[in-house]
Amino acid sequence: MENVQRTRRRLPAPGTVIAAIALLVALGGTAYAAGVLPSNSVGTAQLQANAVVSSKVRNHSLVAADFKQGQLPQGEAGPAGPAGAAGPAGPTGPAGATGPAGAKGSTGSAGPQGPAGAQGPQGPPGFSALDYVTKDFGPYPAHTQYGGEVSCASGKHAVGGGVETDGDYGQQSVNSTYPSDGTGSGNGGTNAWTAFVDNTSGTTLGFTVYAVCAAAGSVTGP
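My aim in this report is to walk through the structure given alongside it, one point at a time.

Reading guide: rules and limits
Residues numbered from 1 in each chain as written. Predicted model: local features only at pLDDT ≥ 70, side-chain atom pairs only at ≥ 80, totals over all residues. Heavy atoms only, no water. Helix = DSSP H or I, 4+ residues; strand = E, 2+ residues; numbered from the N terminus. Buried < 20%, exposed > 50% of the residue type's maximum accessible area, 1.4 Å probe, protein only. Contact = heavy atoms within 4.5 Å. Areas by Shrake-Rupley, 256 points an atom, 1.4 Å probe, with all protein chains shown as cover. Core = buried A, V, L, I, M, F, W, Y, C linked by side-chain atoms within 4.5 Å. Salt bridge = Lys/Arg side-chain N within 4 Å of Asp/Glu carboxyl O. Disulfide = S-S within 2.5 Å. Patch = residues over 30% accessible without salt bridge, like charges linked within 9 Å, V, L, I, M, F, W, Y side chains within 5 Å. Pairing = 2+ DSSP bridges. Axes fitted to C-alpha atoms, helices over the stretch in contact; angles between N-to-C directions. Polar contact = N/O pair within 3.5 Å; in protein donor to acceptor, adjacent residues only side chain to side chain.

**Some points on the overall build of the protein chain**
Part 1 of the reasoning: When helices and strands are tallied, the protein chain shows one helix and six strands.
Part 2 of the reasoning: A total of 222 residues make up the protein chain; the buried ones form 14% of that total.
Part 3 of the reasoning: Pairs at least 24 residues apart make up 74% of the contacts formed inside the protein chain by residues separated by at least 6 positions.
Part 4 of the reasoning: A total of about 18500 Å² of accessible surface is found on the protein chain, and carbon and sulfur atoms cover 55% of it.

What follows is the structure, given as structure tokens:
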């Protein structure tokens, strides 16, 4: 019988196996993960804190919606642009409906009458009667001036008066007429009436003086 010698194979030590597996993972872990991980299997829970850095973000790929409100600083306002040209006027709108007429206001009522005031002092007595006194003067020569005075009765005063000429229009002119003192001197007063008349005609003419006399308790005058 032929003797057959068998070669016994020795298995590698466990530590060698573990080191080989670690080396394979280090060299091909990334390709394994890309080829084995299913789609949409990596989410927020799988990412570690501060795992995403600037080098992993494509430039100019983020938009304002990717940032929290208030995180992006607001720039300064730019200068105001020039005013645009005025647009064309729009068409005139239709007239609105006429509103209802307002109610007519009521007329206010008169206020109550106030109390009567105290009675004032009694005034001086009025004229109880008037006397008309007249007196004729002349006739006087042409182109002359004469005066005449008519007096009131005792206790009465002249409150008015006048003169009436005898000639036609243009033949005589009244120079003056006024209340006088009744002495014939021509002085002013309250007891008589005086008139001066110019005869401008070529004949003799006269005139009549009138006085309106009344009793009065107090009279003032010239």
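**With respect to the nonpolar core**
Part 1 of the reasoning: If you look at the biggest cluster of nonpolar residues, it comprises twelve residues: Phe 137, Tyr 140, Val 150, Cys 152, Ala 158, Trp 193, Ala 195, Val 197, Phe 207, Val 209, Ala 211 and Cys 213.
Part 2 of the reasoning: Sorting the residues of this core by element identifies β1 (130-140), β5 (192-199) and β6 (205-215) as the ones contributing at least two each.
Part 3 of the reasoning: Looking at this core, the element that brings in the most residues is β6, giving four residues.

**Description of the pattern of salt bridges**
Part 1 of the reasoning: Taken as a whole and assessed by the stated rule, the structure comprises one salt bridge.
Part 2 of the reasoning: A salt bridge links Asp 131 to Lys 156; the shortest N-O distance between them is 2.2 Å. Linking Asp 131 in strand β1 with Lys 156 in strand β3 (residues 156-165), this pair joins segments that are 25 residues apart in sequence.

**Quick look at the state of the cysteines**
Part 1 of the reasoning: Scanning all chains against the criterion turns up one disulfide.
Part 2 of the reasoning: Across a sulfur-sulfur distance of 1.9 Å, Cys 152 and Cys 213 are joined as a disulfide pair. Measuring handedness by torsion sign, the sulfur bridge of Cys 152 and Cys 213 sits at about -80° and is left-handed. Taken together, the positions of Cys 152 in the loop between β2 (144-151) and β3 and Cys 213 in strand β6 put the pair 61 residues apart, joining distant regions of the chain. The burial state of Cys 152 is the same as that of Cys 213; both residues are buried.

**As for a nonpolar patch on the surface**
Part 1 of the reasoning: Where nonpolar side chains cluster on the molecular surface, the patch consists of Val 42, Leu 47 and Val 52 and spans about 280 Å² of accessible area.
Part 2 of the reasoning: Assignment of secondary structure puts Val 42 in the loop between α1 (14-36) and β1.
Part 3 of the reasoning: Residue classification places Val 42 among the exposed positions, given a relative accessible area of 53%.

**Notes on the pairing of β5**
Part 1 of the reasoning: Most of β5 is tucked away, with seven of its eight residues classed as buried.
Part 2 of the reasoning: Pairing analysis gives eight bridges linking β2 to β5, with the strands arranged antiparallel. Its bridge partner lying in β5, Gly 148 is registered against Ala 195.

**Notes on the sheet that holds β5**
Part 1 of the reasoning: One open sheet holds the three strands; their spatial order is β2-β5-β4, and the pairing between them is antiparallel. Edge positions in the open sheet fall to β2 and β4 (172-180), since each of these has one partner strand only. This sheet shows a mean twist of 15° between the axes of neighbouring strands, independent of strand direction.
Part 2 of the reasoning: Here β4 runs beside β5; their pairing, made up of eight bridges, is antiparallel. Within β5, the position partnered with Pro 179 by the bridge is Trp 193.

**Let's talk about unusual backbone geometry**
Part 1 of the reasoning: Here the residue pair Gly 138 and Pro 139 is connected by a cis peptide bond, since its omega of 5° sits within 30 degrees of zero.
Part 2 of the reasoning: Within the secondary structure layout, Pro 139 lies in strand β1.
Part 3 of the reasoning: Positive phi, normally seen in glycine, also occurs at His 143, with a value near 55°.

**What about the sheet that holds β1?**
Part 1 of the reasoning: The three strands lie next to each other as β1-β6-β3, forming an open sheet whose pairing is antiparallel. Two strands bound the open sheet, and with one partner strand each, they are β1 and β3. Neighbour to neighbour, the strand axes of the sheet diverge by 20° on average, direction disregarded.
Part 2 of the reasoning: Pairing of β1 with β6 involves nine bridges; the strand directions are antiparallel. Considered in β6, the bridge of Asp 131 is made with Cys 213.

**Thoughts on the side chain of Thr 194**
Part 1 of the reasoning: Following the sequence through the fold, Thr 194 ends up in strand β5.
Part 2 of the reasoning: Among the polar contacts listed, one links the side chain of Thr 194 to the side chain of Glu 149, at a separation of 3.3 Å.
Part 3 of the reasoning: There is a polar contact of 2.7 Å between the side chain of Thr 194 and the side chain of Ser 180.
Part 4 of the reasoning: Those residues in contact with Thr 194 that sit more than four places away from it in its chain are Gly 148, Glu 149, Ser 176, Thr 177, Tyr 178 and Ser 180.

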